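Chains, contacts and geometry: an overview
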Amino acid sequence: MERAAPPPPAPPAKTDAAVIRDALGVGVAVGLSGFAFGVTSAGVGLSLLQTCALSLLVFTGASQFALVGALAAGGNPLTAAAGAFFLGARNAFYGLRLSAVLGYRSTVKPFAAHWVIDETSAVTLAQPDRRTARLGFTVTGLTLYVLWNLTTFVGALGAEALGDTEAWGLDAAGPAVFLALLAPMLKETVERVAAGLAVVLVMVTLPLLPTGVPVLVSALAAPAVLVVQGRRERAKEVGTAQEPGAGRGTAGPPARPDGTPESRRATEEDQA
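This text gives an overview of the structure that appears in the document.

Basis of the calculations
- Residues numbered from 1 in each chain as written.
- Predicted model: local features only at pLDDT ≥ 70, side-chain atom pairs only at ≥ 80, totals over all residues.
- Heavy atoms only, no water.
- Helix = DSSP H or I, 4+ residues; strand = E, 2+ residues; numbered from the N terminus.
- Buried < 20%, exposed > 50% of the residue type's maximum accessible area, 1.4 Å probe, protein only.
- Contact = heavy atoms within 4.5 Å.
- Areas by Shrake-Rupley, 256 points an atom, 1.4 Å probe, with all protein chains shown as cover.
- Axes fitted to C-alpha atoms, helices over the stretch in contact; angles between N-to-C directions.
- Parallel < 35°, antiparallel > 145°, perpendicular 65-115°, else oblique.
- Left-handed = near helix turned anticlockwise from the far one by under 90°.
- Nonpolar A, V, L, I, M, F, W, Y, C, P; charged D, E, K, R; others polar.
- Expected span 1.5 Å × (residues − 1).
- Phe/Tyr/Trp six-rings, centres within 6.5 Å; stacked < 30°, edge-to-face > 60°.

**Describing the overall build of the protein chain**
When helices and strands are tallied, the protein chain shows 16 helices and 0 strands. The buried share of the protein chain, reckoned over its 272 residues, is 31%. Across the protein chain, every contact between residues at least 6 apart in sequence was considered, and the portion connecting residues at least 24 apart equals 72%. Carbon and sulfur atoms form 66% of the exposed surface of the protein chain, whose accessible area is close to 17000 Å².

If you want it as structure tokens, here you go:
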């Protein structure tokens, strides 16, 4: 009788202090890049009210930068808004995953959805249980929302004093933090291949497609890698089944009621 396999070890517990520390670190680091958005938005001609409204109501940094970037390049406002929409559509996929992890009531979900972004998703999914996931989501979302809007306001007011945001490097703060969170999660070869393929897809389609669409195209990397992996595993199973002797039992010849092997019985009968 085969013994049942032992259950997998439970994930290590994480203290509230550690969760809050990590969440605050992400919220502060990314929230400061609101300066760059405020400056950039004011630089393309948006008013202080329009700039602040984007941060308060849209609150997805990449989409906001895509919008003002397209306007700065002379794009049509409707085209710029469409590109920002496509880029922000990725948050819907985050929401599907976080809905099961956080387990909020239906009355809370519409409010929590406003904070479903890259950084809150990364912090939430890194937690070992629902309680710490909720704590990480709340602290990250609250810190980032408040600080992002404050720095947007200050950046829009002091656009002329700050000058070129690229010289400060503030526009790279958000992506850098997100990559730092994502990299440790890529532990298996399949995950690394999917991430690498996604980067290639973005780099190839970036000069060809409208703003925001390359990010959506990169999402095809995951199913493509999974399909290839599934085919390789099925081919391996078929090859194993077709090997000589595959599926044959290793038991010896049948035994007589008295325990004597059948082959020995036949030999004794021949001798007689």
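Right, picking up where we left off after that structure.
**Description of the packing of helix 3 (residues 48–58) against helix 9 (residues 130–157)**
Put simply, helix 3 and helix 9 touch, their axes get as near as 9 Å, and they point 165 degrees apart. Comparing the axis directions of helix 3 and helix 9 gives the class roughly antiparallel. For the crossing formed where helix 3 meets helix 9, the hand is right-handed. Of the residues in helix 9, those touching helix 3 at Leu48, Thr51, Cys52, Ser55 and Leu56 are Tyr145, Trp148, Asn149, Thr152, Phe153, Ala156 and Leu157. Tallied by class, the residues present in the contact of helix 3 with helix 9 amount to 8 nonpolar, 4 polar and no charged.

**So, the side chain of Thr132**
Here Thr132 is to be found in helix 9. You can call Thr132 buried: its relative accessible area is 0%.

**Quick notes on helix 4 (residues 61–72)**
End to end, helix 4 covers 16 Å across 12 residues, agreeing with the expected 16 Å (1.5 Å per residue, within 8%). Among the residues making up helix 4, those that are buried are Ser63, Gln64, Ala66, Leu67, Val68 and Ala70. Note on helix 4: the residue one or two positions beyond its end, Gly74, has a positive phi of about 90 degrees.

**Structural notes on the packing of aromatic side chains**
Throughout the structure, instances matching the rule amount to 6 aromatic pairs. Between the aromatic rings of Phe37 and Phe65, the centroid separation amounts to 5.8 Å while the plane-to-plane angle is 85 degrees, which identifies the pairing as edge-to-face. A residue pair is termed long-range when its members are at least 10 positions apart, and Phe37 in helix 2 (residues 34–43) and Phe65 in helix 4 qualify at 28 residues. With 6.4 Å between their ring centres and 85 degrees between their planes, Phe65 and Trp148 make a pair best called edge-to-face. With a gap of 83 residues between them, Phe65 in helix 4 and Trp148 in helix 9 connect regions that are remote in the sequence. The exposure class assigned to Phe65 is partly exposed, which follows from its relative accessible area of 24%. What makes Trp148 buried here is its relative accessible area of 4%. Among the aromatic side chains, those forming a connected cluster through ring pairs are Phe37, Phe65 and Trp148.

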